[in-house]
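# Secondary and tertiary structure notes
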Amino acid sequence: MGSQKVSDETRTIFVVESEKNKTSSYAELFSGKYDIIKTKIDDNCIDILKKHFSEISLIFLDASDKTEESTDFIKMVKSDRMVHNIPVMVIADDSVSDEEETFLSVGAAGVIRYSSKPNAIFLQVSNIIELKENAENGSMSEL
């Protein structure tokens, strides 16, 4: 079992909510350990992301009701030199299982389900953030 890296620096998760607004409860799951910036997929979303890019450790994208918009958003993030290194974690319900490969092929770091246990979601997000930070620092973490 790996050790969790502890840092004095607060990390920020950029939560992109869907119209169904299921991510609110997940944003609350992260709020004890991470700062949260919440928005919806719209024309201002990328601008908000760019404004705060230096603070953001991960993008948590709710793709439950906007598969095409979510895919386009991931493509925009990954093609933008300013924000392309921020990992995108997609959360979706089981009805979008066919799109899982699509999300991954356009650059999502992972796809998780609403049916996942909250602690498992929290740990996946924490692990991806740790991997990103280790890659930026040029170090490897003990897994």
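Each remark here, short or long, concerns the structure printed above.
Conventions we followed
- Throughout, residues of each chain are indexed from 1 in the direction in which the sequence is written.
- Local features in a predicted model are, by the rule used here, given only for residues with pLDDT of at least 70; side-chain atom pairs are given and counted only at 80 or more, and totals for whole chains, interfaces and linings are based on all residues.
- Excluded from the side-chain calculation are hydrogens and water; included are all heavy atoms of the structure.
- In these notes, a set of buried Ala, Val, Leu, Ile, Met, Phe, Trp, Tyr and Cys residues joined through side-chain atoms within 4.5 Å is what counts as a nonpolar core.
- Remark: exposure states derive from per-residue accessible area (1.4 Å probe, protein chains only) relative to the maximum for the residue type, with buried under 20%, exposed over 50%, and partly exposed in between.
- Helix and strand assignments come from DSSP, with helices taken as H or I runs of at least 4 residues and strands as E runs of at least 2, each series counted from the N terminus.
- Only strands that DSSP links by at least two bridges are regarded as paired with each other.
- Only the six-membered ring of Trp is used, alongside the rings of Phe and Tyr, when aromatic pairs are assigned; centres must lie within 6.5 Å, and planes under 30 degrees apart are stacked while those over 60 apart are edge-to-face, with the rest tilted.
- For helices, the fitted line uses only the C-alpha atoms of the stretch in contact; every axis is such a line through C-alpha atoms, and the angle between N-to-C directions lies from 0 to 180 degrees.
- The contact criterion used throughout is that any non-hydrogen atoms of two residues lie within 4.5 Å.
- A helix is expected to span 1.5 Å for every residue after the first.

## Remarks on the nonpolar core
- By size, the foremost hydrophobic cluster in this structure holds 22 residues, and its most contacted members are Phe14, Leu49, Ile59, Phe73 and Val90.
- Of all elements in the fold, only β1 (11–17), α2 (45–51), β3 (56–62), α3 (67–79) and β4 (88–92) reach the threshold of two or more residues within this core.

## Quick notes on the pairing of β1
- Counting buried positions over the seven residues of β1 gives seven, a clear majority of the element.
- Side chains Arg11, Ile13, Val15 and Glu17 project from β1 onto one buried face, and the interleaved Thr12, Phe14 and Val16 project onto a second face that is buried too.
- When β1 meets β3, the two strands line up parallel, connected through five bridges. If you follow Phe14 over to β3, its bridge partner there is Ile59.

## Comments concerning the packing of aromatic side chains
- This structure, assessed with the given rule, holds four aromatic pairs.
- Taking the centre distance of 5.1 Å and the plane angle of 75 degrees together, the rings of Phe30 and Phe60 count as edge-to-face. Of this pair, Phe30 sits in helix α1 (residues 23–30) while Phe60 sits in strand β3, placing them 30 residues apart in sequence. The pair Phe30 / Phe60 is uniform in exposure class, with both members buried.
- Centre to centre, the rings of Phe30 and Phe122 are 6.3 Å apart; their planes meet at 25 degrees, and the pair counts as stacked. One end of the pair, Phe30, is in helix α1; the other, Phe122, is in helix α5 (residues 118–137), with 92 residues separating them in the sequence. Accessibility assignment for this pair places Phe30 and Phe122 in one class, buried.

## Looking at the sheet that holds β4
- Strands sit in the order β2-β1-β3-β4-β5 across an open sheet of five strands; the sheet is parallel. On the outer flanks of this sheet lie β2 (34–40) and β5 (110–113), each paired with one strand and no other. Going from strand to strand, the sheet's axes swing by 25 degrees on average, the running direction of each strand aside.
- Together, β1, β3 and β4 form the strand contacts of α3, whose direction differs from that of β3 by roughly 160 degrees.
- Docked against the sheet, α5 engages β1, β2, β3, β4 and β5, running at close to 140 degrees with respect to β3.

## As for α5
- For α5, built from 20 residues, the straight-helix expectation of 28 Å at 1.5 Å per residue is met to within 8% by its first-to-last C-alpha distance of 29 Å.
- Gly138 sits one or two residues past α5 and shows a positive phi near 70 degrees.

## A short note on the pairing of β3
- Most of β3 sits out of view: seven of its seven residues are buried.
- Direction of pairing for β3 relative to β4: parallel, over a ladder of four bridges. Within the sheet, the bridge partner assigned to Leu61 lies in β4 and is Val90.

## Notes on the environment of Val90
- You can see Val90 is positioned in strand β4.
- Val90 sits in the buried class, given a relative accessible area of 0%.
- On a C-alpha basis, the gap between Val90 and Val111 in space is 4.7 Å, while along the polypeptide they are 21 residues apart.
- In this structure Val90 touches Leu61, Ala63, Ile74, Phe103, Ala108, Gly110, Val111 and Ile112, once residues within four positions along its chain are discounted.

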